[in-house]
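Observations on chain architecture
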Amino acid sequence: GLTKDTRLCLSLSGRPGNTGTRFHNYLYDALGLDFVYKAFTTTDIKAAVAGVRGLQIRGAAISMPWKEEVIPLVDELDPSAEVIESVNTIVNTDGYLKAYNTDYLAIVSLLRSHDVDQALPTVVLGAGGMAKATVAAVRDEGFTDVQVVSRNPQTGPALAEKYGCTWAQQVGDDAPRLIINCTPVGMEGGPEADALPVADEVVAGASVVFDVVPRPVWTPLLLRARDLGRETISGAEVMSLQALEQFVLYTGVRPDAALVAEATAFSRQA
């Protein structure tokens, strides 16, 4: 049961779900760790991070829209967060807050495990925190033909320039072979839950479609890609891998692959 010694970890998200909560708590139970995990949202991110520090909360997962906003609120940035100026994980050690980006680590891992060809002309949709992690990951993995597609005329070009990519406001005539969606289009509960982030013919022209939207597992984009017989990589895979790396940072324990698979399956029943 819960005691005064139980350590709390939490998530801060604009639209909280139960997936992370179920994933982490399943592993705590399975491994006999005196931890508990709870999802929160907030209207005051500064106060929320101050609460993490002041209440000795061990860890905080940070989601949209605060991945950049928390940077000045922590004491140290791990290279995974510093390079891309985007945070998704805060670890509190005796009041000292260190921030990481396990999204970046997860995307690198998935590009490798799915053996995605670095020669594929690639489009990354979006220019927020998740897009930063993704562009950095594809560039670090040796992809050379990369375009950032974002409607925002400030953040889009800035991200492209930082990593030596091109930028456009929409996908042009040269159909990308690898599409990576880092926009909220297709996200469950969002304003564009039923929409595709690109035109149907762009999906048809791709060979690999990667959607980082975590819920649902099969977004409209991935369903369309699957119907067309294209290879798919899901945001659910990103979520599981990045949550695993968070779990390790919080607890110092790395569960085996079979247990992670169990926790992932359990988390997706939510």
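A look at the side chain of Asp-211
Examined against the element boundaries, Asp-211 turns out to sit in strand E11 (residues 208-211). Of the buried charged residues, Asp-211 lacks a salt bridge, with Arg-15 as the closest side chain of opposite charge at 11 Å. With near-sequence residues (within four places) excluded, Asp-211 lies in contact with Asn-181, Thr-219, Leu-221, Leu-222, Ile-233, Ser-234 and Gly-235.

Here we look at the packing of helix H1 (residues 19-31) against helix H9 (residues 235-251)
Orientation of H1 relative to H9, taken along the N-to-C sense of each, is 50°, at an axis distance of 11 Å. As far as their axial angle goes, H9 and H1 are oblique. Relative to H9, the crossing made by H1 is right-handed. Residues Thr-19, Gly-20, Phe-23, His-24, Leu-27, Tyr-28 and Leu-31 of H1 form the contact with H9, whose own contacting residues are Met-239, Ser-240, Ala-243, Leu-244, Gln-246, Phe-247, Tyr-250 and Thr-251. Considered class by class, the residues forming the contact of H1 with H9 number nine nonpolar, six polar and no charged.

A few points about the packing of H1 against helix H10 (residues 257-267)
The geometry of H1 relative to H10 is characterised by a closest axis approach of 8 Å and an angle of 140° between their N-to-C directions. The angle between H1 and H10 places the two elements in the oblique class. Here H1 and H10 pass one another in a crossing that is right-handed. In contact with Thr-19, Arg-22, Phe-23, Tyr-26, Leu-27, Ala-30 and Leu-31 of H1, H10 contributes Leu-259, Val-260, Glu-262, Ala-263, Thr-264, Phe-266 and Ser-267. Per-class residue counts for the contact of H1 with H10 are nine nonpolar, three polar and two charged.

What about the environment of Val-148?
Of note, Val-148 is situated in strand E8 (residues 146-149). The exposure class assigned to Val-148 is buried, which follows from its relative accessible area of 0%. The sequence separation of Val-148 and Val-248 amounts to 100 residues, and the corresponding C-alpha distance is 32 Å. In contact with Val-148, not counting residues within four places along its chain, are Val-124, Gly-126, Val-135, Gly-156, Leu-159, Ala-160, Cys-165, Thr-166, Trp-167 and Ala-168.

Considering helix H6 (residues 155-162)
Within an α-helix, residues lying three or four positions from one another point in the same direction, as the helix has 3.6 residues per turn. All of the buried residues in H6 are Gly-156, Leu-159 and Ala-160. Projected onto a plane normal to the axis of H6, the buried residues spread over an arc of 100° and lie on a single side. The elements touched by buried residues of H6 are helix H5 (129-140), E8 and strand E9 (166-168). One or two residues past the end of H6 sits Gly-164, with phi positive at roughly 65°.

What to know about the sheet that holds strand E7 (residues 122-125)
A sheet is described by the order of its strands in space; here six strands give the open sequence E9-E8-E7-E10-E11-E12, paired in parallel fashion. The open sheet has two edge strands with one neighbour each: E9 and strand E12 (231-233). Going from strand to strand, the sheet's axes swing by 20° on average, the running direction of each strand aside. One ladder, built from three bridges, connects E11 with E12; its direction is parallel. Looking at the pairing, Val-209 lines up with Thr-232 of E12.

With respect to the pairing of strand E6 (residues 96-100)
Look at any regular strand and the pattern is simple: side chains alternate between the two faces of the sheet. Across two bridges, the pairing between strand E4 (residues 76-77) and E6 is parallel. Directly across from Glu-76, in E6, lies its bridge partner Lys-98. The pairing of strand E5 (residues 89-93) with E6 spans five bridges and is classified as antiparallel. Bridge pairing in E6 links Thr-93 to Tyr-96. Hairpin connection from E5 to E6: two residues lie between these consecutive antiparallel strands, with Asp-94 at a positive phi of about 50°.

Some thoughts on the packing of aromatic side chains
One pass over the structure, following the stated rule, counts three aromatic pairs. Among the aromatic residues, those joined into a cluster by ring pairs are Tyr-28, Phe-35 and Phe-247. Positioned above the aromatic ring of Phe-40 is the side chain of Lys-38, whose terminal nitrogen or guanidinium carbon lies 4.8 Å from the ring centre. Cation over ring: Arg-226 sits above Trp-218, and NZ or CZ is 4.1 Å from the ring centre.

Thresholds applied
- Residue indices follow the written sequence of each chain, beginning from 1 at its first position.
- Where local features are concerned, this predicted model is filtered to residues with pLDDT of at least 70; where side-chain atom pairs are given and counted, the filter is 80 or more; whole-chain, interface and lining totals use all residues.
- As a convention, hydrogens and water are excluded, and side-chain values are obtained from all of the structure's heavy atoms.
- Helix and strand labels come from DSSP, where a helix needs a run of H or I of at least four residues and a strand needs a run of E of at least two; each type is numbered from the N terminus.
- Accessibility here uses a 1.4 Å probe with only protein chains present; expressed as a share of the type maximum, an area under 20% marks a residue as buried, one over 50% as exposed, and anything in between as partly exposed.
- Residues scored as charged are limited to Lys and Arg (positive) and Asp and Glu (negative), so that His and the chain ends carry no count.
- When a carboxyl oxygen of Asp or Glu is within 4 Å of a side-chain nitrogen of Lys or Arg, the pair counts as a salt bridge.
- Note on contacts: a residue pair qualifies if any of its non-hydrogen atoms lie within 4.5 Å across the two residues.
- Comment: axis = line fitted to C-alpha atoms, over the contacting stretch for helices; angle = value between 0 and 180 degrees taken between N-to-C directions.
- Angle categories are assigned with fixed cut-offs, so that under 35 degrees is roughly parallel, over 145 is roughly antiparallel, 65 to 115 is roughly perpendicular, and the rest are oblique.
- Should the near helix be turned anticlockwise from the far one by less than a right angle, the crossing is left-handed, and should it be turned clockwise, the crossing is right-handed.
- Here the nonpolar group is Ala, Val, Leu, Ile, Met, Phe, Trp, Tyr, Cys and Pro; Asp, Glu, Lys and Arg are the charged ones; every other residue, Gly included, is treated as polar.
- As used here, the arc is the angular range of directions from the helix axis to the C-beta atoms.
- Two strands are counted as paired when DSSP detects at least two bridges linking them.
- In this scheme Phe, Tyr and Trp rings, the latter by its six-membered ring, pair at centre separations within 6.5 Å, and the angle between planes marks the pair as stacked below 30 degrees, edge-to-face above 60, and tilted otherwise.
- Two conditions define a charge sitting above a ring: the NZ of Lys or the CZ of Arg must be within 6 Å of the ring centre, and it must be within 35 degrees of the ring normal.

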